[in-house]
Amino acid sequence: MSYVINNGPRPVAPATRERVLAAIKELGYRPDRVAQAMASRRTDLIGMIVPDARQPFFGEMAHAVEQAAAERGKMVLVGNSDYRTEREVHYLRAFLGMRVSGLILVSQGMSEQAASEIEAWDARVVLLHERPEAIDDVAVVTDDIGGAQLATRHLLEHGHPYVACLGGVPNTPAVGDPVADHVEGWRRAMQEAGLPTEGRLFEAPYNRYDAYQVALKLLAGPDRPPAIFCSTDDQAFGVLRAARELRIEVPTELAVAGFDDVKEAALTDPPLTTVSSDRPAMARAAVDLVLDDSIRVAGSRRERVKLFPSALIVRRSCGCHE
């Protein structure tokens, strides 16, 4: 019976398989997943840790991972780190203690404590969206620098004298973090155009609520920028709300572009120009990697980073007509 339920490891004749399946249906048999996990020391679970599933990008990414895992017969447990090291370590220990098949981490600047925890368990880990340098990582990422360059260049092509940037918070890691890469892409595009960046980068939290407060002060000030590239769509939503309250017309008085292309970006007023990545394909790649028995944190680096291209999604917030 076990060879039929588990699809192996040895083949089963079709007629035998049909008889076993009929008996399973008649008896109402259900596999004991706990017993299976004890025998194999591994469950059909994948642990996933995200900074904050309330933010649309992370919520959509977690959903894509869940769908990809279901296609492989796995379930996903999701924990929110809230950008806090102790919460990340808490979920690492909890998920590893549950003998998950592997871990998919969206970790902003993974701490040495978290990296040590992973190495101690010899866990199968894939970093998704972000690429911390604390461990010998297997990662699935998008071209964050290139995408930010596309958005910034596009805003400049509309004839704006310069483009301001909403970056991250003060403790944003300089290496491996998408927002840091978005800022680097903006900086490169500005430098290509022969434009200075000094005084044109503004710190802002990633969520729309706090970014809205930053945008209110920036847009009401004497040096209001003609165009803003936001490192996340959620920040851009806050900018659009602030502009509306201050009666600043977008895009005629202020052009705005974001990064992530969450579904809500198409419904803002005006619809948001942004940068997109293939989240379903990235999720499938992450699940495939985390279930690959050859993947370990330590060891050869071979082709351990899968890079997906970014694409500019042009809508009306930049000044274009859809």
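The following paragraphs examine the structure supplied in this document. Just so it is clear, the structure is predicted and the values come from calculations on it, not from any experiment.

1. As for the side chain of Gln55
Residue position: Gln55 is located in the loop between strand E1 (45-50) and helix H4 (56-71). Looking at Gln55, the relative accessible area reads 10%, which means it is buried. Of the polar contacts made by the side chain of Gln55, one reaches the side chain of Tyr83; its length is 3.3 Å. Apart from the residues within four sequence positions on either side, Gln55 is in contact with Tyr83, Tyr206, Asn207 and Asp234.

2. Here we look at the packing of helix H9 (residues 208-220) against helix H10 (residues 233-245)
Contact geometry for H9 and H10: axes closest at 7 Å, N-to-C directions at 45°. Comparing their axes, H10 and H9 come out oblique. Here the hand of the crossing between H9 and H10 comes out right-handed. Together, Arg208, Ala211, Tyr212, Ala215, Leu216 and Leu219 of H9 and Asp234, Gln235, Phe237, Gly238, Val239, Arg241, Ala242, Ala243 and Glu245 of H10 make up the contact between the two elements. Looking at the contact of H9 with H10 residue by residue, the class counts come to nine nonpolar, two polar and four charged.

3. Here's the deal with the packing of aromatic side chains
Counted by the stated rule, this structure contains three aromatic pairs. Residues Phe57 and Phe58 carry aromatic rings whose centres are separated by 5.5 Å and whose planes lie at 75° to one another, so their mutual orientation is edge-to-face. Overall, Phe57 belongs to the buried group, its relative accessible area being 7%. The buried category is assigned to Phe58, whose relative accessible area is 6%. For the pair Tyr83 and Tyr206, a centre-to-centre distance of 5.6 Å together with 45° between the ring planes defines the contact as tilted. Remark: Tyr206 occurs in the loop between strand E7 (201-202) and H9 and Tyr83 occurs in the loop between strand E2 (75-80) and helix H5 (85-97); sequence separation between them is 123 residues. When its relative accessible area of 9% is taken as the criterion, Tyr206 is described as buried. One residue, Arg200, lies across the ring of Tyr162, its end atom 3.9 Å from the ring centre.

4. Considering the pattern of salt bridges
Considering all chains together, one arrives at twelve salt bridges under this definition. The residue Arg153 makes a salt bridge to Glu192 at a minimum N-O spacing of 3.0 Å. Taken together, the positions of Arg153 in helix H7 (residues 144-157) and Glu192 in helix H8 (residues 178-192) put the pair 39 residues apart, joining distant regions of the chain. The structure contains a network of salt bridges with shared partners spanning Glu184, Arg187 and Arg188.

5. Describing the environment of Ala236
Here Ala236 lies in helix H10. Exposure remark for Ala236: the relative accessible area of 0% places this residue in the buried category. Taking the C-alpha atoms as reference, Ala236 lies 6.9 Å from Ala257; in sequence the two are 21 residues apart. Sequence-distant contacts of Ala236, that is, excluding residues within four places in its chain, are made with Cys230, Val256, Gly258 and Leu272.

Cut-off values and rules
- Residues numbered from 1 in each chain as written.
- Predicted model: local features only at pLDDT ≥ 70, side-chain atom pairs only at ≥ 80, totals over all residues.
- Heavy atoms only, no water.
- Helix = DSSP H or I, 4+ residues; strand = E, 2+ residues; numbered from the N terminus.
- Buried < 20%, exposed > 50% of the residue type's maximum accessible area, 1.4 Å probe, protein only.
- Polar contact = N/O pair within 3.5 Å; in protein donor to acceptor, adjacent residues only side chain to side chain.
- Contact = heavy atoms within 4.5 Å.
- Axes fitted to C-alpha atoms, helices over the stretch in contact; angles between N-to-C directions.
- Parallel < 35°, antiparallel > 145°, perpendicular 65-115°, else oblique.
- Left-handed = near helix turned anticlockwise from the far one by under 90°.
- Nonpolar A, V, L, I, M, F, W, Y, C, P; charged D, E, K, R; others polar.
- Phe/Tyr/Trp six-rings, centres within 6.5 Å; stacked < 30°, edge-to-face > 60°.
- Lys NZ or Arg CZ within 6 Å of the ring centre and 35° of its normal.
- Salt bridge = Lys/Arg side-chain N within 4 Å of Asp/Glu carboxyl O.

All we've got here are geometric facts, nothing functional implied.
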